[in-house]
Amino acid sequence: MAEPSSSDYFSCPLCVSLLRDPVAIPCGHSFCMDCISGYWNDADYTGIYICPQCKITFTQRPVLRPNATLTLVAEKIKKSGLNLNNGNVHSPAVAAAAAAPSPAANSYAGPADVPCDFCSGKKLKAVKSCLNCLASYCEKHLKPHYESATFKRHKLVDELGNLDRKICPQHQKSLELFCRTDQMCICAICTVSEHRGHDIVSAEAERSEKQKLLGVSQAEIKQKCQERMKELDELRTSVDSLKSSAQRAMVESQKMFEEMIRSIERMRTEVTKLIGINEKAAFNQSEALVERLEQEIDELKKKEAGLKQLYSTEDHIHFLQNFNYLCTPTDDGFIPRVTVNPDFSFATARKAVSEIKERLEEYGREELLKISKSVNEVPVYTQVPTYTTETLQTNRSERTLDRRSRGKEIMTVDSAPPPEPKTRADFLKYFCQLKLDPNTAYRELHLSDSNKKVIRTRDLQPYSDTSERFDSFAQVLCREALSGGRFYWEIEWSGEFSIGVAYKGISRKGKGSLCLLGYNDKSWSLLCSDTGYSAWHNRVDKNVSGPHSPRIGVYLDHTAGVLAFYSISGSMSLLHRFETRFGEPLYPGFGVGTSVKICQLK
């Protein structure tokens, strides 16, 4: 082996360059200030500080003080002309590496890469990790492990992160064993101290056992993934089918409406034609009668003139000769007397058309309401809670006995539902978006913001009459029917109001209290005002104490029969909780004092 040059004695073992700001640690080895500081910074969270060269361990981080003598020697070496590559002195092998071009940008460690523990400044990617040094090295800093006999017996593996977790924090020895009693990795010294008498096996043997369980879990996860993928495919198929059905319904509806419009157009044409024919026939008939009456009037006028002349003549003979002719009575029977039938009028036609219009509109409203019910009230999707089953390990002692006696493990299954949410983040997992149903809104309630906000007004809204509308109380229900799962929503309110849920069969008509939320056996509600709260069901109320908040959260577990109200102001405070059994889908609803807004949480 070649004798190292004198300059190699003044190189830092970490960066393999001439010492910069050299410091000596308690074991006597010297390093660059930046190199040893960066090396120990990574070990701060373990509290174990190791000399990179001799592996002596310090339980407290040594205080680093500059070595003035080494600093002067390093300065003299630089001035003597032995410096290479910008003043850094290297061994021959390292000098050749130093003369090489700078690494490419993609050789620097990224967020997902293991960085070199000995690079100062911007770190390069590590190519190997040493299980003896418990450090990772780039190509440059790995060279001593190949060139120096000191590192020949060190075990190099592909780069690994968190190498400090592979040593015992108490004895600073490699973790090579596993204590089944305490379920933790230990070193050889631990077997004769803290873990004496415990069930201890090699890490390799325990991995083999756990790998079997891992295979089972992997198979379960794979099966569950396949099931979810199947559900996803079925859902996508259903959505595609739903799209096709909706498109077909729109096309067919458009076609039928066009046909109805054409039918009405034909009816309009027939009525117009009928009125026109009758008008023309009446006009023609009256024209002939008018002509004949005018002729008769002309003849009567001529005869009247002859009688007048005869009356005034003084010729007695002329008078007598023309008297019989002019005084003959007029025969007026050849033309019938014409009178207009007072019972006939085209108003009858107008009335008939008006009745057709009203009947069509009424029929259209009724049928549109049926269509609306069939589309809105039947849920497109139903949420069914799926409870995960977790495979649990049996008692360790039973498992050990079972392994020795039968060679297999007992697996238990927990089919219990997930725990009830505690934090707001847990509740938000069950968030459902609601929309107000205009068909149920009281006439003084104005809906806006895509039917997510309602305001109490004094002006009647142009709502049509429906059997679902509250006609005496300022209440409104949501469109969504909640059933068979967990649901959560939040609202912001002002003015006294009530919030709750109700069955579809809640009364809507009349001024009886059975129409109010919470005043019957079909609804549950929380009455909120500036002075406090009260919970209502079946006309029984209970005073509720809690912090006032303009935002209320509602949690419904339909399957478990739980309905809970929370005050939301920074944190969640339970106001009241109903526990019962829900036999039907529930519709969220509100009694509006001033305004209510359904919050958008996702």
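Our subject is the structure listed above.
I will try to describe carefully the structure that is included in this document. Predicted model, so just to flag it, every value in this text is computed and none were measured.

In a beta sheet, neighbouring strands pair by backbone hydrogen bonds and run either parallel or antiparallel. Strand order in the open sheet formed by three strands is 6-5-7, and the pairing between neighbours is antiparallel. This sheet does not close on itself; its edge strands, each paired only once, are strand 6 (135-137) and strand 7 (156-158). Averaged over all pairs of adjacent strands, the angle between their axes in this sheet comes to 35°, without regard to strand direction. Pairing analysis gives three bridges linking strand 5 (residues 128-130) to strand 6, with the strands arranged antiparallel. Residue pairing across strands places Ser-129 opposite Ser-136, the latter belonging to strand 6. Sheet strands in contact with helix 4 (residues 139-147) are strand 5, strand 6 and strand 7, and its direction is about 110° off that of strand 6.

Let us now look at the packing of aromatic side chains. Applying the stated criterion across every chain yields a total of 13 aromatic pairs. Measuring from centroid to centroid gives 6.3 Å for Trp-40 and Phe-58, while their planes differ by 75°, and the two rings are edge-to-face. On the criterion of sequence distance, the pair formed by Trp-40 in helix 1 (residues 33-41) and Phe-58 in strand 4 (residues 57-58) is long-range, its members being 18 residues apart. Given the relative accessible area of 14%, Phe-58 is considered buried. Between Tyr-519 and Trp-536, the ring centres sit 4.5 Å apart and the planes meet at 10°, which makes this aromatic pair stacked. With a gap of 17 residues between them, Tyr-519 in the loop between strand 17 (497-502) and strand 18 (523-529) and Trp-536 in strand 19 (residues 532-537) connect regions that are remote in the sequence. Of the residues examined, Trp-536 reaches a relative accessible area of 13% and is grouped as buried. Among the aromatic residues, ring-to-ring pairing joins Phe-427, Tyr-430, Tyr-488, Tyr-555 and Tyr-566 into one connected group. Its end group placed over the ring of Tyr-108, Lys-122 keeps NZ or CZ at 4.7 Å from the ring centre. Above the plane of the ring of Phe-470 lies Arg-508, whose end atom (NZ or CZ) is 5.5 Å from the centre.

So, on to empty space enclosed by the protein. Per the counting criterion, the structure on display carries three cavities of 30 Å³ or more. In this structure, the second largest cavity encloses a volume near 120 Å³. Along its surface, the second largest cavity is lined by Pro-13, Leu-14, Val-16, Pro-52, Gln-53, Phe-118, Tyr-137, His-141, Pro-144, His-145 and Phe-151. The biggest single contributor to the lining of the second largest cavity is helix 4, with three residues. Residues that form the lining of the second largest cavity fall into these classes: eight nonpolar, three polar and no charged.

A few words now on the pairing of strand 16 (residues 486-494). Of all nine residues in strand 16, seven are buried, a share of seventy percent or more. Two strands pair when backbone bridges link them, and strand 16 and strand 21 (residues 551-557) are joined in this way by seven bridges, in the antiparallel orientation. Within strand 21, the residue paired with Trp-489 across the bridge is Val-554. Here four bridges tie strand 16 to strand 25 (residues 595-598), and the two strands are oriented antiparallel to one another. From the neighbouring strand, Ser-494 faces strand 25, where its bridge partner is Ser-595.

On to the environment of Lys-597. By the secondary structure assignment, Lys-597 is in strand 25. On a C-alpha basis, the gap between Lys-597 and Lys-453 in space is 4.3 Å, while along the polypeptide they are 144 residues apart. Ignoring anything within four residues of it in the chain, the contact list for Lys-597 reads Asp-449, Lys-452, Lys-453, Glu-490, Ile-491 and Glu-492.

This part takes up the packing of helix 5 (residues 203-312) against helix 6 (residues 316-326). Running from amino to carboxyl end, helix 5 crosses helix 6 at an angle of 155°, the nearest separation of the two axes being 10 Å. Between helix 5 and helix 6, the angle falls in the class roughly antiparallel. Here helix 5 runs over helix 6; the crossing is left-handed. Across the interface between the two elements, Lys-303, Gly-306, Leu-307 and Leu-310 of helix 5 pack against His-318, Phe-319, Asn-322, Phe-323, Tyr-325 and Leu-326 of helix 6. For the contact of helix 5 with helix 6, the class distribution of residues is six nonpolar, three polar and one charged.

Reading the values: the criteria
- Residues numbered from 1 in each chain as written.
- Predicted model: local features only at pLDDT ≥ 70, side-chain atom pairs only at ≥ 80, totals over all residues.
- Heavy atoms only, no water.
- Pairing = 2+ DSSP bridges.
- Helix = DSSP H or I, 4+ residues; strand = E, 2+ residues; numbered from the N terminus.
- Axes fitted to C-alpha atoms, helices over the stretch in contact; angles between N-to-C directions.
- Contact = heavy atoms within 4.5 Å.
- Phe/Tyr/Trp six-rings, centres within 6.5 Å; stacked < 30°, edge-to-face > 60°.
- Buried < 20%, exposed > 50% of the residue type's maximum accessible area, 1.4 Å probe, protein only.
- Lys NZ or Arg CZ within 6 Å of the ring centre and 35° of its normal.
- 1 Å grid on protein atoms, 1.4 Å probe; cavity = no way out; pocket = protein on both sides within 12 Å on 5 of 7 lines; lining within 4 Å.
- Points joined across faces, edges and corners; volume = space filled by probe spheres on them.
- Nonpolar A, V, L, I, M, F, W, Y, C, P; charged D, E, K, R; others polar.
- Parallel < 35°, antiparallel > 145°, perpendicular 65-115°, else oblique.
- Left-handed = near helix turned anticlockwise from the far one by under 90°.

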